[in-house]
Amino acid sequence: MDTGKELLFFFSALGAFNGIILGVYFFFFTRKKYLTNYFLGALLFALSIRIGKSVFVYFHPELPKMYLQLGLTACFFIGPCLYYFLKSAVEEVNVMPKSWKLILVFWAVLIVAFGIEFPYEDYPDLWRQYFIKVIYFQWFVYIAFSTLLIENVLRKIFSSKEKTTPAEMWFGMLFLGNFLLFLFYFLSIMGASAATYISGAVVFSFILYLIISILLYRKKTDDLFLLNGPKISGKKIESEEALILSEKLENIMTEKSLYKNPNLSLQDLSQEINISSHQLSQFLNNNLGKNFTSFVNEFRINEACRIITSNDKLTLESVGYDVGFNSKSTFFAAFKKHTGTTPLNYQLQALQT
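Quick notes on the rules
- Residues numbered from 1 in each chain as written.
- Predicted model: local features only at pLDDT ≥ 70, side-chain atom pairs only at ≥ 80, totals over all residues.
- Heavy atoms only, no water.
- Helix = DSSP H or I, 4+ residues; strand = E, 2+ residues; numbered from the N terminus.
- Contact = heavy atoms within 4.5 Å.
- Areas by Shrake-Rupley, 256 points an atom, 1.4 Å probe, with all protein chains shown as cover.
- Phe/Tyr/Trp six-rings, centres within 6.5 Å; stacked < 30°, edge-to-face > 60°.
- Buried < 20%, exposed > 50% of the residue type's maximum accessible area, 1.4 Å probe, protein only.
- Lys NZ or Arg CZ within 6 Å of the ring centre and 35° of its normal.
- Core = buried A, V, L, I, M, F, W, Y, C linked by side-chain atoms within 4.5 Å.
- Axes fitted to C-alpha atoms, helices over the stretch in contact; angles between N-to-C directions.
- Parallel < 35°, antiparallel > 145°, perpendicular 65-115°, else oblique.
- Left-handed = near helix turned anticlockwise from the far one by under 90°.
- pLDDT = per-residue confidence, 0-100.
- Lys, Arg positive; Asp, Glu negative; His and termini not counted.
- Salt bridge = Lys/Arg side-chain N within 4 Å of Asp/Glu carboxyl O.
- Polar contact = N/O pair within 3.5 Å; in protein donor to acceptor, adjacent residues only side chain to side chain.
- Nonpolar A, V, L, I, M, F, W, Y, C, P; charged D, E, K, R; others polar.

Trainee: What am I meant to see in the overall build of the protein here?
Mentor: The helix and strand inventory of the protein stands at 16 helices and 0 strands. Nonlocal contacts in the protein, meaning residues at least 24 apart in sequence, comprise 69% of its contacts between residues at least 6 apart. For the protein, the accessible surface area stands at approximately 19000 Å², while carbon and sulfur atoms represent 61% of it.

Trainee: I keep staring at the packing of aromatic side chains and nothing clicks. Help me out?
Mentor: Two measures describe an aromatic ring pair: the distance that separates the ring centres and the angle between the ring planes. Taken as a whole and judged by the stated rule, the model has 27 aromatic pairs. Plain terms: the ring middles of F39 and Y84 are 5.8 Å apart, the flat faces sit at 35 degrees to each other, and that makes the pair tilted. Pair noted here: F39 is in helix α2 (residues 35–59) and Y84 is in helix α4 (residues 78–90), with a separation of 45 residues, a long-range link. Look at F39 and you get buried, because its relative accessible area is 4%. Judged by relative accessible area, which is 3%, Y84 ranks as buried. Aromatic side chains F76 and F131 sit 6.1 Å apart centroid to centroid with 25 degrees between the ring planes, which places their arrangement in the stacked category. With a gap of 55 residues between them, F76 in the loop between α3 (66–75) and α4 and F131 in helix α6 (residues 124–149) connect regions that are remote in the sequence. Note on accessibility: F76 and F131 belong to one class, buried. Taking the ring centre of F325 as reference, the NZ or CZ of R300 above it sits at 5.5 Å.

Trainee: Whenever I open this one, the nonpolar core confuses me. Can you help?
Mentor: Side chains of a nonpolar character, in soluble globular proteins, are inclined to be buried together. Judged by nonpolar contacts, the single largest core of 52 residues is most densely connected at F85 and W139. Secondary-structure elements contributing two or more residues to this core are α1 (3–28), α2, α3, α4, α5 (98–117), α6, α7 (151–157) and α8 (166–189). With residues near it in sequence (within four places) discarded, F85 still touches T36, F39, L40, W170, F171 and L174. Core analysis: the second largest hydrophobic core is formed by 18 residues, A242, M253, Y259 and I275 among them.

Trainee: Could you clarify how one ought to interpret the packing of α4 against α8 in this entry?
Mentor: Each packed pair of helices is defined by two parameters, the angle between the axes and the distance between the axes. Packing of α4 against α8 brings their axes to within 11 Å, and their N-to-C directions diverge by 165 degrees. Overall, the two elements α4 and α8 adopt an arrangement that is roughly antiparallel. Here α4 and α8 pass one another in a crossing that is left-handed. Residues I78, L82, F85, L86 and A89 of α4 form the contact with α8, whose own contacting residues are W170, F171, L174, F175 and N178.

Trainee: Where do I start with the environment of V141 in this structure?
Mentor: With respect to the helices and strands, V141 occurs in helix α6. Among the residues examined, V141 registers a relative accessible area of 25% and is labelled partly exposed. Residues V141 and Y83, spaced 58 residues apart in sequence, show a C-alpha to C-alpha distance of 9.9 Å.

Trainee: Looking at this model, I keep getting lost on the confidence of the model for the protein. Mind explaining?
Mentor: For residues with low pLDDT, the predicted coordinates do not support detailed interpretation. Here the protein averages 79 in pLDDT, and 78% of its residues register 70 or above. Ranking the elements of the protein by mean pLDDT puts helix α9 (residues 199–217) last with 64 and α5 first with 92.

Trainee: Got a minute to help me understand the side chain of R300 in this structure?
Mentor: In this structure, R300 sits in helix α13 (residues 292–310). It is D268 that comes nearest to the buried, bridge-free R300 among opposite-charge side chains, at 9.2 Å. Only 2.7 Å separates the side chain of R300 from the backbone oxygen of Y259, close enough to count as a polar contact. Each residue touching R300, except ones within four places of it in the same chain, is listed here: Y259, N261, P262, L264, V323, G324 and F325.

Trainee: Explain the environment of L68 here, please?
Mentor: Along the chain, L68 falls in helix α3. L68 gets classed as buried once you look at its relative accessible area, which sits at 13%. Sequence-wise, L68 and W127 are 59 residues apart; in three dimensions their C-alpha atoms are separated by 9.7 Å.

Trainee: Can you help me understand the packing of α3 against α6 in this one?
Mentor: Taken N-terminus to C-terminus, the directions of α3 and α6 make an angle of 25 degrees; their axes are 9 Å apart at the nearest point. The orientation of α3 relative to α6 falls into the category roughly parallel. Of the residues in α6, those touching α3 at Q69, L72, T73 and C75 are W127, I132, I135, Y136 and W139. Taken together, the residues that form the contact of α3 with α6 break down as 7 nonpolar, 2 polar and no charged.

Below is the structure:
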């Protein structure tokens, strides 16, 4: 290879490698575990494998055909991951619905079963003439669904009158980057003179380095994963909906004893009842008139009272740890705040009765 091709190979291959590293980051190392993180990580994995295949096959066409099959298999997941990445952000979904899981499993079983039954090595014409069209058609359908999903965001991005939030620009650019990637690959397959097979890899590398730049230079990145942003509002949730939500919270807290987890967070609890953490915070503050800590501590103190009155052999400190407090002082302070007396006085009163 001449110098120009070597640079092109290095830039494209490095983009695929960094995509995998960034995918691992979104899966395991982001501070807040949004469902969008996981789908973005999965999207980057699928794109990186697809791009990696393109790079190596373009510069080394003598490689085994199984690499082509691997790349096309990964391509089958790009559309679904993009769509669910955007959908989880738009609808503020924190726990993956069963229907999403079933659809993803269906695609996985379909592509794996087809690959085993008709490997690229033995059926190259079947893949090139037919199945590759199915793959790109599926990708196009998900691109179309994704466009409808963030239509308002795209309109704001291309409008000079409306101002976009950092999250809207983030999601919009990620979508447009994927659209350009699809477009270059599609034009290349159709034989367009302006598009070469390696163009998709170059576009992907550019998108990836843009993502990395944003993550490195923004001091705050959590807001990038909240497309609708925090709902700061004093408006109460409607009474009927509030009653259902209150019963759901009561049941989940008592049945699973979630309050006994000293590290329980607002995000954890919101995932259990399948609403956003902002909606849960709004409900607790505006409908119940308490913050998350007070809400959880009420369950802990009620359980502590039950234990104290039924078992006088446990130390008060151990009772505090058993119900979810991570220190003696925190337990004593919360107990007095909720009951008006200390744990010791409560225990003595219980023994007298």
